[in-house]
Amino acid sequence: MIQIEGLRKAYHSRGRTVLAVDGVDLEVRQGEVYGVLGRSGAGKSTLLRCVNLLERPDAGSVTVDGVDLTALPERRLRRQRQRIGMIHQHFALLSSRTAAGNVAFPLEVMGVPRRERAQRVAELLDLVGLGDRAHAYPAQLSGGQKQRVGIARALAGRPTVLLSDEATSALDPETTTSILDLLRDLSQRLGLTILLITHEMEVVKRICDSAAVMREGRVIEAGRVRDLLARPGSALGQEIFRLGTPPDLPDTTIVDVTLTDDAVGQSFVADLVRRYDVDASILAGTIETLADGQVGRLRIALPGSAEANAAPLRHLRDAGLSVEVAR
Ligand SMILES: Nc1ncnc2c1ncn2[C@@H]1O[C@H](COP(=O)(O)OP(=O)(O)OP(=O)(O)O)[C@@H](O)[C@H]1O
């Protein structure tokens, strides 16, 4: 649905050049929620602005719905952009217009006739659960309600893609959850593809099917969230599971075992103890709930060297678990 290839964007200011996006490739599938995660300055906003070409990349291509946007002349690009909605961290609503007026705005720009417009605005406000606040001004709405208006406005042109620029980072945790659930629900109900940028792990855990981690303008890992988490050494895994540095225990092998899908709830530690008579002990662990199931990581200490524990380690891997010797 969205294909980004070899994207590069540099900024030049006061004799300095900052390579904000440095050769990024990404593939977002139709209907999925895709999160780009990274610290401040990693290049996330620049990447997102390049997807609808609010920012012209220096090199590379962006293909949305089979159309290479980078190859389009300005007029066709403007039309194509209507198929891409965008929501913002600080909502970007017009304070002089009501909720309904804000949602109507893009429809006016598109030249939708008044009657049809009114009907569509009512539908959109209902869709985001704000049917009863149509006549309220932004100043009379809570942060969460303002973001709902922002979402309704972004959906006005019946986009196939929604871009989200830190849409929940100005909201409290409870409101964040309700907005994330709304986005997930819209993605499923409308078949909407959502590409979002965030620095919050909660966003990735709660709604993302896939994710990319950006650092200094580059993507350091990308893929389905549960696949990344099972991958040894994954930066996303380290952020989500947060087991810390493994302790330095004499003559002990410390392994991090990642469990996905069916493995959560399996008695594999007891099984190991019974089969190999090893004195396995659990040092740390966490189980997280993702958009599509549970994943967990357990840190286990096994007496003896990694060589001496070759058979139990093989047994764990054969059971379909992802096993990484942490020390
Ligand atoms: N218009 C601009 N002019 C000059 N430099 C810019 C401009 N926009 C971004 N940058 C620089 O490009 C780099 C990437 O910025 P970008 O805003 O894309 O990162 P980010 O990951 O979205 O960070 P944040 O979460 O803080 O917005 C940073 O070093 C930033 O200072």
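Residues numbered from 1 in each chain as written. Predicted model: local features only at pLDDT ≥ 70, side-chain atom pairs only at ≥ 80, totals over all residues. Heavy atoms only, no water.

1. Things to note about the UniProt feature "domain: ABC transporter" (unreviewed entry) in the chain
- Residues annotated in UniProt with the feature "domain: ABC transporter" (unreviewed entry) correspond here to residues 2–241.
- Helix and strand shares over residues 2–241 are 38% and 28% respectively, and the end C-alpha atoms of the span are 29 Å apart. (UniProt positions renumbered as here; feature names shortened; annotations may be inferred. Helix = DSSP H or I, 4+ residues; strand = E, 2+ residues; numbered from the N terminus.)

2. Focus: the packing of helix α10 (residues 268–276) against helix α11 (residues 310–318)
- Interaxial distance between α10 and α11 falls to 11 Å at its minimum, and their mutual angle equals 140 degrees. Once α10 is placed against α11, the crossing between them reads as right-handed. In this structure, α10 uses Phe268, Asp271, Leu272, Arg275 and Tyr276 to contact α11, whose residues at the interface are Ala311, Pro312, His315 and Leu316.
- By residue class, the composition of the contact of α10 with α11 is 6 nonpolar, 1 polar and 2 charged. (Axes fitted to C-alpha atoms, helices over the stretch in contact; angles between N-to-C directions. Left-handed = near helix turned anticlockwise from the far one by under 90°. Contact = heavy atoms within 4.5 Å. Nonpolar A, V, L, I, M, F, W, Y, C, P; charged D, E, K, R; others polar.)

3. Structural notes on α11
- Residues Pro312, Leu313, His315 and Leu316 constitute the buried set of α11. The buried residues of α11 all sit within an arc of 155 degrees when viewed along its axis, so they share a single face. The outward face of α11, more than 90 degrees from its buried face, is lined by the exposed residues Arg314 and Asp318.
- At its buried positions, α11 is contacted by β11 (252–260), α10, β13 (293–303) and β14 (322–325). (Buried < 20%, exposed > 50% of the residue type's maximum accessible area, 1.4 Å probe, protein only. Arc of directions from axis to C-beta.)

4. Some thoughts on the domain arrangement of the chain
- Here the chain is described as being made up of domain 1 (2–230) and domain 2 (242–325).
- Between the C-alpha centres of domain 1 and domain 2 the distance comes to 39 Å.
- Between domain 1 and domain 2, the contact holds 10 residues from the first and 13 residues from the second.
- Between domain 1 and domain 2, the buried area comes to about 900 Å², and carbon and sulfur atoms account for 48% of it.
- It is Lys205, Arg226 and Leu229 in domain 1 that bury the most area against domain 2; as a group they hold 69% of the surface buried on that side.
- Summed over the shared surface of domain 1 and domain 2, the number is 2 salt bridges.
- Inspection of the domain 1/domain 2 interface yields 5 residue pairs in polar contact (both at pLDDT 80 or more).
- Of all elements in the fold, only α7 (201–207) and α8 (225–230) reach the threshold of two or more residues within the side of domain 1 that touches domain 2.
- It is α8 that provides the largest number of residues to the side of domain 1 that touches domain 2, a total of 4 residues. (Domains from an automatic or database assignment. Buried area = accessible area lost by both parts, 1.4 Å probe. Salt bridge = Lys/Arg side-chain N within 4 Å of Asp/Glu carboxyl O. Polar contact = N/O pair within 3.5 Å; in protein donor to acceptor, adjacent residues only side chain to side chain.)

5. Notes on the sheet that holds strand β2 (residues 16–28)
- The 4 strands lie next to each other as β2-β1-β4-β5, forming an open sheet whose pairing is antiparallel. Only two strands of the sheet have a single neighbouring strand rather than two, namely β2 and β5 (67–68).
- Sheet topology note: the strand β4 (residues 59–64)/β5 ladder contains 2 bridges and is antiparallel. From the neighbouring strand, Val64 faces β5, where its bridge partner is Val67. (Pairing = 2+ DSSP bridges.)

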